[in-house]
Amino acid sequence: MTDLNRSQHHRALWGGGWLLLASGVLLLCGVGVGSTGFESVLRMWDEPVARQIVWDIRLPRTLGAWLAGALLGLAGAVAQGLFRNPLADPYLLGSASGAALGGAVAMALFGSSPLATQWFARLGVTGMAFIGAAGAVGLTLVLARGVQHTLRLLLAGVIVGVVLGALRDLVELASPDILQSMQSFTLGTTSFVGWMACALMAGSWALCSVLAWVLARALDGLTLGEATAASLGLPLAPMRVGLVAALALATGTAVAQTGLIAFVGLAAPHLVRSIVRVTHERHIVLSSLMGAVLLLAADILARWVLAPQELPVGVLTAALGGSYLLWLMHRRTSRGAVL
């Protein structure tokens, strides 16, 4: 190991350690933020109501925000490496529009025919949102004729996102009573995350992390160009399929449970690159931890700033993330560099 690699390795370890420490501190803060404050944590062993508030509401919500951020950070790192574009985000394959359409259809059908209610109630809004996200990615792959051509895949994702967004608008126009519920979904919220959602996101995060980590060599090769990556003997086609699967599963699971939360998947890889430059094996892990810290911190702020009322966490991440990227673009432009 060269001195440069050793230095990067140490910086990656330090960065990961600090992110884990920040995660632990924020998890404690998240459990203590609420209408009754930290008092519920102190009394949870003696009072059943306090224990229920902490164990059934605050703890799964806090852990769910961490897991959703970890999924979006991982998906953002994979998307930016796969498309070789620092502005790529996890929603590029149409998963966000598909999830929103699935959620809108489920909400609209809950009040229609008894048959629709029976079947769709079993899936729930989150289940339909996940099916919509997976279907959107599948449609994108069909239109792009596979994953061999990155530009075609990107354009197909944009088209699918626009079309499915229009279909969602039509569903909302046909069922105006769902507008308020859909607003919560599109603005992003962790209010309804429970233990089952945490288990689903944890399983998805573990699977996607392993898959992306194993296939990270393809992302390292693609940074050198398609021809160079192929000359290194990397099986790009099957590796791309695996990376797209990890990207779609991570994004679909997070969106289905928390709605559309902007900028976490886009900003987390940028923040990691500003701290340390490492191979994608470590970059994916660090971006996932960074996304978890960002979303959990934003969720705590959303609960605390206007307490006892709450801000939609998606609005807060969009405001903070957009401000950070504007500052980053201004700084690099002043230096004559690109984003």
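Notes on the environment of Val-54
Take Val-54: it is sitting in helix H3 (residues 48-83). Along the chain, Val-54 and Gly-30 lie 24 residues apart, while their C-alpha atoms are 9.9 Å from each other.

Focus on the pattern of salt bridges
Throughout the structure, instances matching the rule amount to five salt bridges. For Asp-299, the salt bridge goes to Arg-61, with nearest N and O atoms at 3.4 Å. Taken as a pair, Asp-299 in helix H13 (residues 280-304) and Arg-61 in helix H3 lie far apart in primary sequence, 238 residues in all. An identical accessibility class is assigned to Asp-299 and Arg-61; each is buried. Across the pair Asp-299 and Arg-303 runs a salt bridge whose closest N-O atoms are separated by 3.1 Å. Of the two residues, Asp-299 and Arg-303 are both situated in helix H13; the distance of four residues between them amounts to about one turn of the helix. Like Arg-303, Asp-299 is buried. Connected through salt bridges with shared partners, the residues Arg-61, Asp-299, Arg-303 and Glu-310 form a single ionic network.

Regarding the environment of Ala-292
Positionally, Ala-292 belongs in helix H13. Judged by relative accessible area, which is 0%, Ala-292 ranks as buried. Once the C-alpha coordinates of Ala-292 and Ser-23 are considered, the two residues, 269 residues apart in sequence, prove to be 7.5 Å apart. If we skip the residues at most four places from it in the chain, Ala-292 touches Trp-66, Gly-69 and Ala-70.

Observations regarding the environment of Gly-259
By the element assignment, Gly-259 lies in the loop between helix H11 (236-258) and helix H12 (264-275). Separated by 72 residues in sequence, Gly-259 and Leu-187 have C-alpha atoms that sit 6.9 Å apart. Excluding residues within four positions of it along the chain, Gly-259 makes contact with Tyr-91, Phe-185, Gly-188 and Ala-254.

Things to note about the side chain of Thr-189
Here Thr-189 lies in the loop between helix H7 (179-187) and helix H8 (195-214). You can call Thr-189 buried: its relative accessible area is 16%. Here the side chain of Thr-189 touches Ser-191 through a polar contact of 2.9 Å, side chain to side chain. For Thr-189, the residues in contact, after removing those within four places along its chain, are Ser-184, Gln-257, Thr-258 and Val-313.

Here we look at the nonpolar core
In terms of nonpolar packing, the biggest core is built from 91 residues, with Phe-185 and Ile-284 touching the most fellow members. Top contributing element to this core by residue count: H3, with 14 residues. Apart from residues no more than four positions distant in its own chain, Ile-284 is found in contact with Leu-74, Ala-77, Val-78, Ala-212, Ala-216 and Leu-219.

Here's the deal with the confidence of the model for the protein
For the protein, per-residue confidence averages 83 on the pLDDT scale, and residues scoring 70 or more make up 88% of the total. Mean pLDDT values for the elements of the protein range from 64 in helix H2 (residues 39-43) up to 93 in H8. Confidence drops under a pLDDT of 50 for residues 112-117, and excluding neighbours within four residues, the segment shows five contacts in the predicted structure.

Let's talk about unusual backbone geometry
With phi around 50 degrees, Arg-84 is a residue other than glycine that occupies positive phi space. The exposure class assigned to Arg-84 is partly exposed, which follows from its relative accessible area of 39%. One non-glycine residue, Phe-263, lies in the positive phi region at around 75 degrees.

Comments concerning the packing of H3 against H13
For the pair H3 and H13, the least separation of the axes is 6 Å and the interaxial angle reads 140 degrees. Between H3 and H13, the interaxial angle falls into the category oblique. Seen from above, H3 lies across H13 with right-handed handedness. In this structure, H3 uses Arg-61, Thr-62, Ala-65, Trp-66, Ala-68, Gly-69, Ala-70, Gly-73, Leu-74, Ala-77, Val-78 and Gly-81 to contact H13, whose residues at the interface are His-280, His-283, Ile-284, Ser-287, Ser-288, Leu-289, Gly-291, Ala-292, Leu-295, Leu-296, Asp-299 and Arg-303.

Parameters at a glance
- Residue numbers here run from 1 along each chain, matching the order of that chain's written sequence.
- Reporting of local features is limited, given that this is a predicted model, to residues whose pLDDT is at least 70; pairs of side-chain atoms are given and counted only at 80 or more, and all residues count toward the totals for whole chains, interfaces and linings.
- For the side-chain quantities, the full set of heavy atoms in the structure was used; hydrogens and water were omitted.
- Helical segments are the DSSP runs of H or I of at least four residues, strand segments are the runs of E of at least two, and each set is numbered from the N terminus.
- For this analysis, a salt bridge means a side-chain nitrogen from Lys or Arg found within 4 Å of a carboxyl oxygen belonging to Asp or Glu.
- Classification of residues uses two cut-offs on accessible area relative to the type maximum, computed with a 1.4 Å probe and protein chains only: under 20% is buried, over 50% is exposed, and between them is partly exposed.
- Any pair of residues with heavy atoms lying within 4.5 Å of one another is described as a contacting pair.
- Counting of polar contacts relies on pairs of N or O atoms within 3.5 Å, with two restrictions inside protein: one atom must be capable of donating a hydrogen and the other of accepting it, and residues adjacent in sequence are counted only when both atoms are side-chain atoms.
- Note on terminology: a nonpolar core comprises buried Ala, Val, Leu, Ile, Met, Phe, Trp, Tyr and Cys residues joined through side-chain atoms within 4.5 Å.
- The predictor reports its confidence for every residue as pLDDT, a score running from 0 up to 100.
- Helix axes are fitted to C-alpha atoms over the stretch in contact, other axes to C-alpha atoms as well, and angles between N-to-C directions run from 0 to 180 degrees.
- Orientation labels follow simple angle bins: below 35 degrees gives roughly parallel, above 145 gives roughly antiparallel, 65 to 115 gives roughly perpendicular, and whatever is left gives oblique.
- Take the far helix as the reference: if the near one is turned anticlockwise from it by less than a right angle, the crossing is left-handed, and if turned clockwise, right-handed.

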